[in-house]
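Here is what each chain is made of, one letter per residue.
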Amino acid sequence: MHTIRENHKENYQKLLDRKLEEIKSKERVPTLLLHACCAPCSSYVLEYLSEYFAITVLFYNPNIEPEDEYRARAEELKRLIREMPFRHEVVYLEGNYEPERFHAAAAGYEEAPEGGPRCARCFRLRLKEAAEYADRLGMDYFTTTLTISPLKNAQILNRIGAEIAESCSAAFLPSDFKKRGGYQRSIELSREYDLYRQNFCGCVYSKSIEK
Ligand code: SF4
């Protein structure tokens, strides 16, 4: 019985659908702190979620190195937000660039393959920061663009988000943005806005296995 539960795969897109239905039936537009990893992944997520939320996009990615790469991704995200049309307000916010925090979180797991325990630690670091910003700003929800990537495990990301939400006042918004063609749509939008698409996830360890 216990094993079945542990192996259970939640459909996080369905959970998001339910939440969005609930939101639609209310008059007030809720606020969302959206952790964003880069412009291409944010394009579809912003197109989708700005229909329902007033969004503050948080670029907090101490995992990205070298710093030039970090700056290039941040600038591209700012440009996308300036150029895309949105139904509700979308504002950009940048966190601190502190790669030492990422290296402390990844310590001991430098050689782990992408998708393994180093990535779970990297997700936790970024989601925790997003939750703290959401609380400080009095936002209703927080979430991340990361579930759009076919290389990121939505089960792990959503479990970490829900766990972090237990100790903060903002609610975690579940997602699996790669469902319903989200990833494909992000490629189309990247072409449309001529976005820079990096070919590695972000950290030095993912760069050494460049695809
Ligand atoms: S591969 Fe990506 S998710 Fe994994 S630790 Fe590196 S930057 Fe973070």
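Keep in mind that this is a model prediction, so the values were computed, not measured. (Residues numbered from 1 in each chain as written. Predicted model: local features only at pLDDT ≥ 70, side-chain atom pairs only at ≥ 80, totals over all residues. Heavy atoms only, no water.)

1. Digging into the side chain of T147
Structurally, T147 is set in the loop between β4 (141-144) and α7 (154-165). In this structure the side chain of T147 is engaged in a polar contact, spanning 3.1 Å, whose partner is the backbone nitrogen of F177. If we skip the residues at most four places from it in the chain, T147 touches A154, L157, N158, S175, D176, F177 and K178. (Helix = DSSP H or I, 4+ residues; strand = E, 2+ residues; numbered from the N terminus. Polar contact = N/O pair within 3.5 Å; in protein donor to acceptor, adjacent residues only side chain to side chain. Contact = heavy atoms within 4.5 Å.)

2. Examining the packing of helix α5 (residues 99-106) against helix α6 (residues 117-137)
Close contact between α5 and α6 brings their axes to 9 Å; oriented N to C, the two are set at 135°. With respect to α6, the axis of α5 lies oblique. In terms of crossing hand, the pair formed by α5 and α6 is right-handed. When α5 is examined against α6, the residues R101, F102, A105 and A106 are found in contact with a partner set consisting of R118, R121, C122, L125 and E129. When the residues that make up the contact of α5 with α6 are grouped by side-chain class, the tally is 5 nonpolar, no polar and 4 charged. (Axes fitted to C-alpha atoms, helices over the stretch in contact; angles between N-to-C directions. Parallel < 35°, antiparallel > 145°, perpendicular 65-115°, else oblique. Left-handed = near helix turned anticlockwise from the far one by under 90°. Nonpolar A, V, L, I, M, F, W, Y, C, P; charged D, E, K, R; others polar.)

3. What about the packing of helix α3 (residues 39-49) against helix α4 (residues 67-83)?
Remark: α3 packs on α4, axes separated minimally by 9 Å, with the N-to-C direction vectors making an angle of 25°. Put simply, α3 runs roughly parallel to α4. Taken as a pair, α3 and α4 cross one another with a handedness that is right-handed. Only E76, L77, L80 and I81 of α4 make contact with α3, whose side of the interface consists of A39, S42, S43 and L46. Across the contact of α3 with α4, the residue classes tally to 5 nonpolar, 2 polar and 1 charged.

4. Comments concerning empty space enclosed by the protein
A complete count under the given rule lists 1 cavity of 30 Å³ or more for this structure. Size it by volume and the largest cavity reaches roughly 80 Å³. Contributing to the lining of the largest cavity are N63, F102, E114, R118, C119, C122, F123, R126, K152, C201, C203 and S206. Take the lining of the largest cavity: its biggest share by element is 5 residues, from α6. Tallied by class, residues from the lining of the largest cavity come to 6 nonpolar, 2 polar and 4 charged. (1 Å grid on protein atoms, 1.4 Å probe; cavity = no way out; pocket = protein on both sides within 12 Å on 5 of 7 lines; lining within 4 Å. Points joined across faces, edges and corners; volume = space filled by probe spheres on them.)

5. With respect to the sheet that holds strand β1 (residues 31-35)
Hydrogen bonds between backbone groups are what pair the strands of a sheet, and the pairing can be parallel or antiparallel. What the 5 strands build is an open sheet, ordered β3-β2-β1-β4-β5; its pairing is parallel. Each edge of the sheet is formed by a strand with only one pairing partner; in this case those strands are β3 (90-94) and β5 (171-172). When strand β2 (residues 54-59) meets β3, the two strands line up parallel, connected through 5 bridges. If you follow I55 over to β3, its bridge partner there is V90. Of the strands in this sheet, β2 and β3 are in contact with α4, which crosses β3 at around 165°. (Pairing = 2+ DSSP bridges.)

6. Quick word on the site of the ligand
Surrounding the ligand, one finds N63, F102, E114, R118, C119, C122, F123, R126, C201, C203 and S206. It is α6 that provides the largest number of residues to the shell around the ligand, a total of 5 residues. When its residues are assigned to classes, the shell around the ligand shows 6 nonpolar, 2 polar and 3 charged. (Near = heavy atom within 4 Å.)

7. Here's the deal with the pattern of salt bridges
On inspection of all chains with the given rule, the structure shows 19 salt bridges. Between R71 and E94 there is a salt bridge, with the nearest N and O atoms lying 3.3 Å from each other. Of the two residues, R71 sits in helix α4 while E94 sits in strand β3, which places them 23 residues apart along the sequence. For R71, a relative accessible area of 36% translates into the label partly exposed. What makes E94 partly exposed here is its relative accessible area of 26%. Put simply, K128 and E132 hold a salt bridge, and the shortest N to O gap is 2.9 Å. Here the residue K128 and the residue E132 both occupy positions in helix α6, the gap between them amounting to 4 residues, near one helical turn. For K128, a relative accessible area of 38% gives the class partly exposed. Residue class for E132 comes out partly exposed when judged on its relative accessible area of 32%. A cluster of three or more residues bridged by salt bridges with shared partners is formed by E47, R185 and E188. (Salt bridge = Lys/Arg side-chain N within 4 Å of Asp/Glu carboxyl O. Buried < 20%, exposed > 50% of the residue type's maximum accessible area, 1.4 Å probe, protein only.)

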